[in-house]
Amino acid sequence: MSGVRRLGARWRRRRPLRTRLALAASAAVALVAVGVCAAAFFVIRYELLHQLDLSLTQSATRVVQENRGEGPQIIAGECRFLSAPACAQVVPADPAADPEAAYLLPVSAPVREVAAGTRAPYFSNVTRFGQSLRMLTTPFGDGRALQVALRADPVERGVRQAAVLLAAVGGAGVLLAGLLGYAVSRTGLAPVARLTSTAERIAATRDPRHRIELPPGPPGRQDEVTRLAASFNTMLGELEQSVSAQRRLVADASHELRTPLTALRTNAELLARADRLTPAQRERASGALGRQIREVTGLVNDLIELARDEEPLPLVEEVRIAELAEHTVAMARTHWPRVRFELEVGPGAAEAVRPGVPARLARLLTNLLDNAAKFSPPDAPVEVELTAYGGGGGLELSVRDHGPGIAPEDLPYVFDRFYRAEAARALPGSGLGLAMARQIARAHGAELTASAAPGGGALFTVVFGGEGP
């Protein structure tokens, strides 16, 4: 039994889904058609026999009324013909009281029991005169039984004809069910076939630009398969964006690394011939080599940070944003001694906490402060403000500088990886700081935006929702 099950399961796995669906639909419709035909056959057979039994009952009633006082005898015996009346005979309970003439219909022990009153009336099928008869045996009174018979072959012929007709109808229904099942599976699974073809084409060409053609219609009235195809198209769009972003990241990283690596190689070759250099030249080459190593190291670390899409959950803890801001601003003052940093914490924001990774949140604010310090004039402060808003405990952290600001044409791209405006190309940095800051903000359920500050300068705002990430 288990072997048969394994063979059946193996056969189902090897058949296409379209074939299995067509077979399942055909089998279901065929089962219903066969069941309906079988039920119809039994109903027709029952009704035909019931009509014959009613005719026998009526004939028996008429015979009783016409021969109430008669003894055992053969009343009518021409039932061999279809147009003749029913055969009828009266049989006593005691075989000794039988008439001299032979009975026309068979007399058995159950007939004697009906005559004696020990058995209920009953219908039976007998063969007489080479014909099938339907016979009713019922009490006749005074220890006698009445037997009435009619030819049953017309009813049997009608039952056979109904069986043949219903079998033909059932066969046609099974064939039609198979055709409809195949048509339904072919039509219903057409989007799945297109989806499979598109997936195979993408796997072969590694090109996620392909899309599945969707049938026309309003979006709210699409069936499940069409919605699956639409979801697959959406996934392909995301995949295409991800692949494009990955290629762009690799290209940009290669471009950014080319210059410092070339400088590193030049200085390393120069130091390899240190015997030909003066002490001052060796010192300058060594210092340049160290700065370039730190620059490349920072760039690689930034790329690794950007490759992380989520924060490590075991490191998440409740962070007091005000204390984190104070610590980060203090570190920025040490790193940028010529820039003045001003921190203001509004009412209700000093004790506010958010779940997050402290080191990552500090990196977010550090990147914003470094960006502001690079563009801030020596006599203008970098303003950091933490305020609470709304009744749900929302927090807003803003960093503003008084530098040249962000040009309108650069504003949509300030958070792109390696993007650097014309004014920033001469300044240190790789163009990854703001991209990393936005990624960290979104990983913590916050949103980082950039805008032009009133009166000049750039304004970066981190908005933490009331419920955290």
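In what follows, the accompanying structure is described. Bear in mind the structure is a predicted one, so any value in this text is a computation, not a measurement.

Thresholds applied
Residues numbered from 1 in each chain as written. Predicted model: local features only at pLDDT ≥ 70, side-chain atom pairs only at ≥ 80, totals over all residues. Heavy atoms only, no water. Buried < 20%, exposed > 50% of the residue type's maximum accessible area, 1.4 Å probe, protein only. Helix = DSSP H or I, 4+ residues; strand = E, 2+ residues; numbered from the N terminus. Arc of directions from axis to C-beta. Contact = heavy atoms within 4.5 Å. Salt bridge = Lys/Arg side-chain N within 4 Å of Asp/Glu carboxyl O.

1. Description of helix 3 (residues 109–116)
Residues spaced three or four apart along an α-helix face the same direction, because each turn holds 3.6 residues. Of all the positions in helix 3, only Val111, Arg112, Val114 and Ala115 are classed as buried. The buried residues of helix 3 occupy an angular sector of 155 degrees when projected down its axis, which confines them to one face. Among the structural elements, strand 2 (87–92), strand 3 (122–128), strand 4 (131–139) and strand 5 (144–151) are those in contact with the buried residues of helix 3. Of the residues one or two after helix 3, glycine 117 is the one with positive phi, at around 85 degrees.

2. Observations regarding the environment of alanine 268
Tracing the sequence through the fold places alanine 268 in helix 6 (residues 224–272). We classify alanine 268 as partly exposed; its relative accessible area is 38%. Remark: the alpha-carbon pair of alanine 268 and leucine 289, spanning 21 residues in sequence, is separated by 7.2 Å.

3. Points about the pattern of salt bridges
Taken as a whole and judged by the stated rule, the model has eight salt bridges. Across the pair glutamate 113 and arginine 119 runs a salt bridge whose closest N-O atoms are separated by 3.8 Å. Glutamate 113 sits in the partly exposed class, given a relative accessible area of 34%. On the basis of relative accessibility, which here comes to 37%, the residue arginine 119 falls in the partly exposed class. Arginine 340 serves as the salt-bridge partner of glutamate 342, at 2.5 Å between the closest nitrogen and oxygen. Sharing partners across several salt bridges, the network here consists of Arg320, Glu323 and Glu351.

4. Some words on helix 10 (residues 433–443)
For helix 10, the full list of buried residues reads Leu434, Ala435, Met436, Ala437, Gln439, Ile440 and Ala441. Residue glycine 445 follows helix 10 closely and has a positive phi angle near 75 degrees.

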